Amino acid sequence: MLAHAFLAVTAAAERRDHPVPEDLIPLTGNELQHLFAALISPVHDLAHRLRWSRWRRRHQARARAFHYRRQATAQL
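Residues numbered from 1 in each chain as written. Predicted model: local features only at pLDDT ≥ 70, side-chain atom pairs only at ≥ 80, totals over all residues. Heavy atoms only, no water.

Trainee: Help me get a handle on the overall build of the chain, residues and values and all.
Mentor: A count of helical and extended segments in the chain gives 3 helices and 0 strands. For the chain, the α and β elements follow one another from N to C terminus as α-α-α. Over its C-alpha atoms the chain spans a radius of gyration of 15 Å, topping by over 25% the 11 Å that the globule rule assigns to 76 residues. The C-alpha extent of the chain, read off along each of the three principal axes, is 50 × 30 × 20 Å. Relative to its full complement of 76 residues, the chain shows a buried share of 17%. Here the contacts in the chain between residues at least 6 apart in sequence split such that 49% fall between residues at least 24 apart. Counting only carbon and sulfur atoms, one obtains 62% of the accessible surface of the chain, whose full area is about 6,200 Å². Counting 12 positive and 6 negative side-chain charges, the chain places the averaged centre of each group 7 Å from the other. (Helix = DSSP H or I, 4+ residues; strand = E, 2+ residues; numbered from the N terminus. Rg over C-alpha atoms; globule rule 2.2 N^0.38 Å. Buried < 20%, exposed > 50% of the residue type's maximum accessible area, 1.4 Å probe, protein only. Contact = heavy atoms within 4.5 Å. Areas by Shrake-Rupley, 256 points an atom, 1.4 Å probe, with all protein chains shown as cover. Lys, Arg positive; Asp, Glu negative; His and termini not counted. Charge placed at Lys NZ, Arg CZ, Asp CG, Glu CD.)

Next comes the structure, spelled out in structure tokens:
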């Protein structure tokens, strides 16, 4: 419970302090968990993990936009 609370508070503080670019989703608890895990047991360097996180968030934002667009056309 404590770890979940930490991730939730950290994600909320990140959203409050840093506006999210249009092409990315905001940092989520799951994404923060991946980034913290990468710091603890680094398989790749930190720059690689940050690029991967940015790519993943951009991909999720694009998928969400297409999903919403498809839902909107299906309801017509």
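Trainee: So what's going on with a nonpolar patch on the surface? Which residues, and what values?
Mentor: On the surface, a nonpolar cluster with roughly 620 Å² of combined accessible area is contributed by Phe6, Phe36, Leu39, Ile40, Leu46 and Leu50. Those elements that place two or more of their residues in the nonpolar patch are helix 2 (29-40) and helix 3 (46-74). Per-element tally for the nonpolar patch: the top contributor is helix 2, with 3 residues. With respect to the helices, strands and loops of the structure, Leu39 is situated in helix 2. Judged by relative accessible area, Leu39 falls into the exposed class, the value being 52%. (Patch = residues over 30% accessible without salt bridge, like charges linked within 9 Å, V, L, I, M, F, W, Y side chains within 5 Å. Salt bridge = Lys/Arg side-chain N within 4 Å of Asp/Glu carboxyl O.)

Trainee: Break down the pattern of salt bridges for me, citing the residues and quoting the values.
Mentor: Applying the stated criterion across every chain, the model contains 3 salt bridges. A salt bridge links Arg16 to Asp17; its shortest N-O distance comes to 3.0 Å. Overall, the relative accessible area of 44% leaves Asp17 in the partly exposed class. The partner of Arg56 in a salt bridge is Glu31, with the nearest N and O atoms 2.6 Å apart. Residue Arg56 is located in helix 3, and its partner Glu31 is located in helix 2; the two are separated by 25 residues in the primary sequence.

By themselves, these observations are geometric and do not establish any function.
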